[in-house]
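Chain and residue survey
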Amino acid sequence: MSPIRVPSTLSGRVDWTFVGAVAGLVAIGTLAILSAANMTSYYNAIWTKHFIALALGGVLFTLTLAFNYQIFQDQSKIVYGVTLALMVSVLILGTAARGHRAWLRLGSFSFQPAELSRVLVVLVLADFLDRRARRMQDFSTVLLALAIAAPIMFLILKQPDFSTALTFLPMITGMLFCAGADPLQLIFVFGYGALTLSVPLVITLCQVRFPNAAPGSLPAFVIATSKMGLATLAVVVAIFGSCAVAWRLATWMRLQVKPVFFGALAVILSGALLTGVAVNRSMKSYQRNRFVAFVAPRSDAKGAAYNVIQSKVAVGSGGVWGKGLFSGTQSQLGFLPERHTDFIFSTIGEEMGFLGAGLVLGLYMIVLWRITTAARLARDRYGYLVCAGLASMFAFVMALNIGMCVGLMPVAGIPLPLISYGGSSLVINLWSLGIVANIYARRYALL
Amino acid sequence: MNHAGGGGRERLELVWLAISLIGAVLGLRLAQLQLKDAAEYRRLSDINSSLTIYQNAPRGRIYDREGREIATNQAASSLIFLPRKGQSVRDLEPLAQELGRRLNRDPQELLETLERADRDESAVRLAENLPRGTMFQLRELQTLYPGITLIDEARRYYPYGRFASHLLGFMGKMGPREWRERKAKGYRADSRIGKMGLEGAFEDELRGHDGGKRMEVDAQGRLKGELGSTPSEPGSNIYLTIDTAVQKAADGGLRKTATGRGAAVAIDPRTGEILAMSSLPDFDPNALLSTDPGEVKRSAQGLPEFNNAIAGAYPPGSTFKPIVGLAALNEGRITPSDAFFCPGRFELGSHTFLCWDHKGHKRISWIMGLAQSCDVYFYNLGLKTGGDRIERYARAFGLGAKTNVALRGEKAGHLFGPETRSRSKNKSWYDGDTLNLAIGQGELLVTPIQMAVVAAALANRGTVWRPHYTRKIIYADGRPDYVQRPERAAVVAAKDAAWDQVQEGLRVVISSGTGYPARIPGLVVSGKTGTAQNPHGEDHAWFITYAARPGEPASIAVAVLVENGGHGGVTAAPVAKKMILAYFGMPDPDAEREVREAERAAHRAVRAGLPAAAPKPMMSAGALR
């Protein structure tokens with residue numbers, strides 16, 4: 001039995017497939033930015049900033065490889081403190097752009113800390129869940145994990161940046177799941193979240209599709225429910241009633257289900273309904289328009305749905321080979337909104353065709369595959385959880401952004417990591433992937 | 001520390017499975033958009049980024065019989081608005097205000113046009129045929145308001161202006177119903193179509209294929225460059241049988257009559273070619289294409305669309321008498337020498353029928369009966385011939401039926417006689433009806449073009465032509481030319497002796513009868529006057545005539561009607577005379593006299609130190625040829 005040959009140098013242990021895939025994504029992203037921002041008047045500023053961020057990200061990626069990632073676990077309290085401080089300071093000192101107070105100015109650089117805080121929360125939660133390894137079945141673990149993330153999410157919501165705050169949820173779920181939390185508990189907690197979000201969606205759908213619903217019909221009842229009145233009360237009573245009936249039924253059928261389950265179900269269902277209605281009432285008009293655009297893209301072809309339609313047209317018209325860099329009519333002539341930021345994937349789809357878009361998707365899948373591999377091979381549970389959290393986060397953000405560009409997801413102002421233009425986003429993502437590379441490179445724990 | 005191997009890392013595989021599923025879904029969606037539906041999205045993206053600006057094709061030209069253009073095209077600038085994607089309606093308001101000021105139009109109306117273009121996402125013409133000054137002003141606006149563009153295209157132009165207007169027709173916008181019908185034929189909402197006359201009748205031939213420039217536009221509606229263009233193809237050219245000089249004489253002659261309302265038609269009796277067709281009041285077709293919408297509106301509102309020449313039905317009066325005479329002579333009911341006594345009145349039972357000349361014509365036979373248009377003579381003739389025979393001859397001459405000239409809106413008139421009566425409710429035919437028929441009154445109604453065909457048939461001894469005004473059509477698409485051949489509608493069969501007697505009578509009408517004002521030295525002119533009683537007012541003045549150089553067959557036949565013009569010989573005959581003079585290229589003494597008088601008046605005014613109205617230069621008919 002031959003011993004495992006362990007490379008003696010750090011560079012020999014680095015996952016070059018992963019580095020190559022990341023470099024490939026950044027390269028395609030750079031091309032796409034250079035092409036898409038071509039027609040804007042601040043083109044020079046854009047590519048200058050992009051290359052500075054690229055250099056900075058590359059340096060951070062390499063630097064992160066140099067020291068052991070476990071330092072983040074050791075200094076977890078400081079990391080959490082820094083995160084909170086950043087998010088509080090951005091609300092106090094930050095500069096506002098387009099209604100969002102999301103930017104911190106440091107001299108001539110401005111910096112968006114929300115995405116950094118997301119990665120930092122992954123680090124903090126990984127440490128927490130590592131410590132709670134023996135109490136993973138406790139409901140308190142789930143609640144405490146949420147309690148750690150809650151202040152950060154709350155501060156991001158205050159900016160307000162609904163979309164970024166939303167990306168925390170799958171990330172936390174992924175980490176809790178991978179850490180071994182009880183799936184039923186997760187379903188309760190995140191089922192609650194999902195229900196809360198789906199309530200405004202259903203209400204909006206009814207309002208758009210059946211604006212003149214007859215009184216007494218189901219859509220009319222749904223719309224009435226959104227008014228926090230008698231209809232809402234009726235639904236809550238119905239939920240409790242049916243849960244009670246289900247409980248009686250279960251005992252009658254001698255099923256071994258705890259009565260607590262039915263009580264919890266009733267509380268969660270009605271709670272989700274009430275918070276959902278509350279969210280619906282507090283939604284800003286641009287957010288509601290995005291909901292409308294998603295549930296009925298044709299209803300307002302010149303308003304909110306315009307972006308979705310134009311993005312699909314851009315991607316679809318690219319065909320197999322694309323229209324060529326600098327030649328996409330949708331992006332170059334201004335039909336595609338946010339063409340070098342949120343909708344950059346549509347620019348790639350249009351100008352580089354199925355080959356380019358497929359390549360981006362493929363490279364993304366390689367990156368995610370290498371992150372999960374790093375998780376599998378990580379020398380400790382902390383490294384495993386960090387990788388699991390980052391994999392969940394990147395997968396969700398990718399699904400949200402590309403899904404939006406191809407018309408599968410509602411419009412959310414989320415950039416595509418490594419591709420979209422945005423200096424701080426690029427630097428932070430490269431840094432977080434540097435941590436993944438670090439975890440992989442130091443996988444031989446026993447040596 | 002909990003190391004690798006424990007801690008449930010198998011759960012990661014579920015997460016990886018979920019990630020793979022997401023990747024697969026996104027990959028399939030990409031394939032659906034970019035591989036399966038790529039062509040459809042490609043089309044949508046092309047629609048987005050390109051706008052076709054149509055350029056009106058030059059319409060086919062219309063020439064007179066000598067190859068002069070009477071309808072042609074001019075280069076003109078049009079103002080186009082290209083809507084921008086995602087534009088809010090509010091942005092259009094300042095543009096509408098600004099354009100309204102510059103083009104002198106109602107901004108509200110402009111705003112509606114702009115909004116419609118924005119809704120349909122299609123280019124729209126805001127103004128056509130812009131004057132040069134306005135054009136330069138609008139060029140400045142192009143920089144302020146993206147989406148405003150000026151293009152060059154062809155526009156219909158009628159060099160003679162107010163000329164044969166009912167025959168030529170005019171160009172106008174389509175109504176909603178016309179637009180629905182023509183949409184499939186490649187017309188656009190702002191296309192103009194030929195209306196009325198031959199612009200309308202030959203719309204399919206005259207219209208060309210509009211060209212277009214495919215322009216690349218950005219999301220702001222700014223033109224980025226030309227992607228390609230399709231040249232316009234002009235329409236087919238039509239050569240007419242119209243004689244410009246005769247037409248001008250007809251239009252001008254009718255305009256100078258007392259009422260200025262009427263019609264004149266000239267036909268070549270040898271071929272059935274229409275030499276002139278005039279209907280007054282007329283209009284200037286150029287005014288309907290003006291840039292100034294006010295002028296277009298005024299012109300369209302007062303447009304005399306009714307073509308009296310083919311759609312006006314009048315009692316023929318005495319111009320019907322040659323037909324009665326031919327029936328009587330050819331059927332042997334009388335001989336030319338048979339004389340009747342005219343005391344100025346005719347008793348039939350308890351009714352008294354008057355002659356137009358109440359003094360009476362005393363003893364009168366065929367030639368003088370026709371020349372003096374003696375009603376009593378024709379009462380006798382009518383009773384001898386019988387209503388049925390007169391009706392048969394009238395029908396043979398084409399009365400009571402359309403001449404089938406290729407124009408929309410022709411009327412058949414009304415033939416009245418024992419046979420027609422037998423088919424109506426009131427079946428009985430009385431001798432009183434025969435008397436009315438014999439002098440072309442009663443229920444008899446004819447159109448000027450029918451009477452021109454009658455005049456031609458009298459001239460050529462019985463050939464009733466289907467009148468036509470096209471000589472040939474030279475198709476733009478390479479089809480063999482269409483060449484119009486004479487079409488015989490009917491032949492009035494009669495003995496030569498009868499024709500001789502009728503034609504002799506018609507000649508004497510001019511040389512020493514009621515048609516004396518139409519005589520022209522050096523030409524053989526024959527004709528018949530008519531003064532048709534009309535229950536609605538003053539008598540209608542009629543004159544039918546044909547003329548020939550001595551020793552040659554007649555080469556022009558004319559029918560002139562002046563509504564409420566009074567006596568045919570006085571009002572209608574001079575118009576016909578002008579037309580005949582123009583046809584033979586002879587100077588018009590009347591016109592020359594008018595010019596001399598105007599000059600004299602001007603001289604007098606100058607000598608008296610008074611401001612003189614500038615003498616209107618009256619071109620003599622001869623100078624036109």
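Predicted model, so just to flag it, every value in this text is computed and none were measured.

What counts as what
- Residues numbered from 1 in each chain as written.
- Chains lettered and ligands numbered in written order.
- Predicted model: local features only at pLDDT ≥ 70, side-chain atom pairs only at ≥ 80, totals over all residues.
- Heavy atoms only, no water.
- Axes fitted to C-alpha atoms, helices over the stretch in contact; angles between N-to-C directions.
- Helix = DSSP H or I, 4+ residues; strand = E, 2+ residues; numbered from the N terminus.
- Parallel < 35°, antiparallel > 145°, perpendicular 65-115°, else oblique.
- Left-handed = near helix turned anticlockwise from the far one by under 90°.
- Contact = heavy atoms within 4.5 Å.
- Nonpolar A, V, L, I, M, F, W, Y, C, P; charged D, E, K, R; others polar.
- Expected span 1.5 Å × (residues − 1).
- Buried < 20%, exposed > 50% of the residue type's maximum accessible area, 1.4 Å probe, protein only.
- Disulfide = S-S within 2.5 Å.
- Buried area = accessible area lost by both parts, 1.4 Å probe.
- Salt bridge = Lys/Arg side-chain N within 4 Å of Asp/Glu carboxyl O.
- Polar contact = N/O pair within 3.5 Å; in protein donor to acceptor, adjacent residues only side chain to side chain.
- Phe/Tyr/Trp six-rings, centres within 6.5 Å; stacked < 30°, edge-to-face > 60°.
- Lys NZ or Arg CZ within 6 Å of the ring centre and 35° of its normal.
- Pairing = 2+ DSSP bridges.
- Core = buried A, V, L, I, M, F, W, Y, C linked by side-chain atoms within 4.5 Å.
- Domains from an automatic or database assignment.
- Patch = residues over 30% accessible without salt bridge, like charges linked within 9 Å, V, L, I, M, F, W, Y side chains within 5 Å.
- Areas by Shrake-Rupley, 256 points an atom, 1.4 Å probe, with all protein chains shown as cover.
- pLDDT = per-residue confidence, 0-100.

1. Some remarks on the packing of helix α3 (residues 43–66) of chain A against helix α18 (residues 423–441) of chain A
Residue and element names in this part refer to chain A. Where α3 meets α18, the axes come as close as 8 Å, and the angle between the chain directions of the two elements is 20 degrees. Between α3 and α18, the angle falls in the class roughly parallel. For the crossing formed where α3 meets α18, the hand is right-handed. For the pair α3 and α18, contact is made by H50, A53, L54, L56, G57, G58, L60, F61, T64 and L65 and by G423, L426, V427, L430, W431, L433, G434, I435, A437, N438 and A441, respectively. Grouping the amino acids of the contact of α3 with α18 by side-chain chemistry returns 14 nonpolar, seven polar and no charged.

2. Here's the deal with helix α20 (residues 496–512) of chain B
All names here are of chain B. Here α20 is 17 residues long and its end C-alpha atoms lie 24 Å apart, about the 24 Å a rise of 1.5 Å per residue gives. Every buried residue of α20 is accounted for by A498, W499, V502, Q503, G505, L506, V508, V509 and I510. Those residues of α20 that are buried are in contact with α13 (321–330), α14 (366–371), α19 (448–459), β21 (524–534) and β22 (537–548).

3. What to know about the state of the cysteines
Residue and element names in this part refer to chain B. Applying the stated criterion to the full structure yields zero disulfides over all chains. Of all cysteine sulfurs, the one in C374 lies closest to C342, which takes part in no disulfide; the gap is 3.6 Å. For C342, a relative accessible area of 1% gives the class buried.

4. With respect to the interface of chain A and chain B
Taken together, the contacts link 57 residues of chain A with 44 residues of chain B. Carbon and sulfur atoms make up 68% of the area that chain A and chain B hide from each other, which totals about 4100 Å². A salt bridge links A:R376 to B:E13; the shortest N-O distance between them is 2.7 Å. The interface formed by chain A and chain B includes 15 residue pairs in polar contact (both at pLDDT 80 or more).

5. So, the packing of aromatic side chains
Evaluation of the coordinates by the stated rule reveals 19 aromatic pairs over all chains. Taken together, a centroid distance of 6.3 Å and an interplanar angle of 10 degrees make the contact between A:Y69 and A:Y382 stacked. One end of the pair, A:Y69, is in the loop between α3 and α4 (70–74); the other, A:Y382, is in helix α17 (residues 381–405), and 313 residues separate them in sequence. Side by side, A:Y69 and A:Y382 carry an identical accessibility label, which is buried. Centre to centre, the rings of B:Y314 and B:W542 are 6.3 Å apart; their planes meet at 80 degrees, and the pair counts as edge-to-face. Highlighted residues: B:Y314 in the loop between α12 (308–311) and α13 and B:W542 in strand β22, separated in sequence by 228 residues. Residue B:Y314 shares its accessibility class with B:W542, and that shared class is buried. Positioned above the aromatic ring of B:Y187, the side-chain terminus of B:R182 is 5.3 Å from the ring centre. The ring centre of B:Y475 lies 3.9 Å from the NZ or CZ of B:R479, which sits over that ring.

6. Considering the pattern of salt bridges
Residue and element names in this part refer to chain B. Counted under the stated rule, the structure contains 40 salt bridges over all chains. One salt bridge connects D282 with R162, and the closest N-O pair in it is separated by 3.1 Å. One end of the pair, D282, is in the loop between β12 (274–280) and α11 (293–301); the other, R162, is in the loop between β5 (148–157) and α6 (165–168), and 120 residues separate them in sequence. Relative accessible area serves as the criterion here: at 7%, D282 is assigned to the buried category. Residue R466 pairs with E487 through a salt bridge whose shortest N-O separation is 3.2 Å. Of this pair, R466 sits in strand β17 (residues 463–466) while E487 sits in strand β20 (residues 487–491), placing them 21 residues apart in sequence. A single network of salt bridges, built from pairs that share partners, joins R59, R156, E199 and E203.

7. Comments concerning the pairing of strand β23 (residues 556–562) of chain B
All names here are of chain B. Most of β23 sits inside the fold, with seven of its seven residues counted as buried. Neither face of β23 is left uncovered, since the one carrying I556, V558, V560 and V562 and the one carrying A557, A559 and L561 both have all their residues buried. Bridge count for strand β11 (residues 262–267) against β23 is six bridges, and the pairing is antiparallel. Pairing of A264 across the sheet is with V560, part of β23.

8. Looking at the nonpolar core
Residues B:I556, B:V560 and B:M579 are the most contacted members of the largest nonpolar core, which totals 127 residues. Structurally, this core is a two-domain feature, drawing no fewer than three residues from each of domain 1 (50–240) and domain 2 (246–586) of chain B. Apart from residues lying up to four places away in sequence, B:I556 is in contact with B:V246, B:A266, B:I267, B:P269, B:L275, B:T545, B:Y546, B:A547, B:M579, B:I580, B:Y583 and B:F584. Residues A:V119, A:L426, A:L430 and A:I435 belong to the second largest nonpolar core, which totals 126 residues.

9. Concerning the sheet that holds β21(B)
All names here are of chain B. Overall, antiparallel pairing links the five strands, which are arranged β12-β11-β23-β22-β21 in an open sheet. The outermost strands of the open sheet, each flanked by one partner alone, are β12 and β21. Adjacent strand axes in the sheet meet at a mean angle of 10 degrees, parallel and antiparallel pairs treated alike. Pairing analysis gives 10 bridges linking β21 to β22, with the strands arranged antiparallel.

10. Section: the packing of α13(B) against helix α16 (residues 387–396) of chain B
All names here are of chain B. Running from N to C, α13 and α16 cross one another at 115 degrees; their axes reach a closest spacing of 9 Å. In the packing of α13 onto α16, the handedness of the crossing is right-handed. When α13 is examined against α16, the residues I323, V324, L326, A327 and N330 are found in contact with a partner set consisting of R389, I390, Y393 and A394. Its residues placed into classes, the contact of α13 with α16 shows seven nonpolar, one polar and one charged.

11. What about a nonpolar patch on the surface?
Residues and elements named next belong to chain A. Together, L249, W252, M253, L255 and V257 line one region of the surface with nonpolar side chains, adding up to about 550 Å² of accessible area. Within the secondary structure layout, W252 lies in helix α11 (residues 230–252). When its relative accessible area of 68% is taken as the criterion, W252 is described as exposed.

12. Here we look at the confidence of the model for chain B
Predicted coordinates in regions of low pLDDT should not be interpreted in detail. Residues and elements named next belong to chain B. Residues of chain B with pLDDT of at least 70 account for 93%, and the chain-wide mean is 85. In the predicted structure, residues 1–6 sits below a pLDDT of 50 and forms 13 contacts with residues beyond four places in sequence or in another chain. Considering only residues more than four positions removed or in separate chains, one finds that residues 611–625, a stretch of pLDDT under 50, has 25 contacts.

13. A word on the environment of A:A85
Inspection of the secondary structure puts A:A85 in helix α5 (residues 76–93). Once the C-alpha coordinates of A:A85 and A:I152 are considered, the two residues, 67 residues apart in sequence, prove to be 9.8 Å apart.

14. Focus: the side chain of B:S236
All names here are of chain B. Locating S236 in the fold gives a position in the loop between β9 (223–230) and β10 (237–240). Given the relative accessible area of 5%, S236 is considered buried. Engagement of the side chain of S236 in a polar contact is seen with the backbone nitrogen of A476, the distance being 3.2 Å. Residues in contact with S236, not counting those within four places in the same chain, are G60, R61, E205, L206, I473, I474, Y475 and A476.

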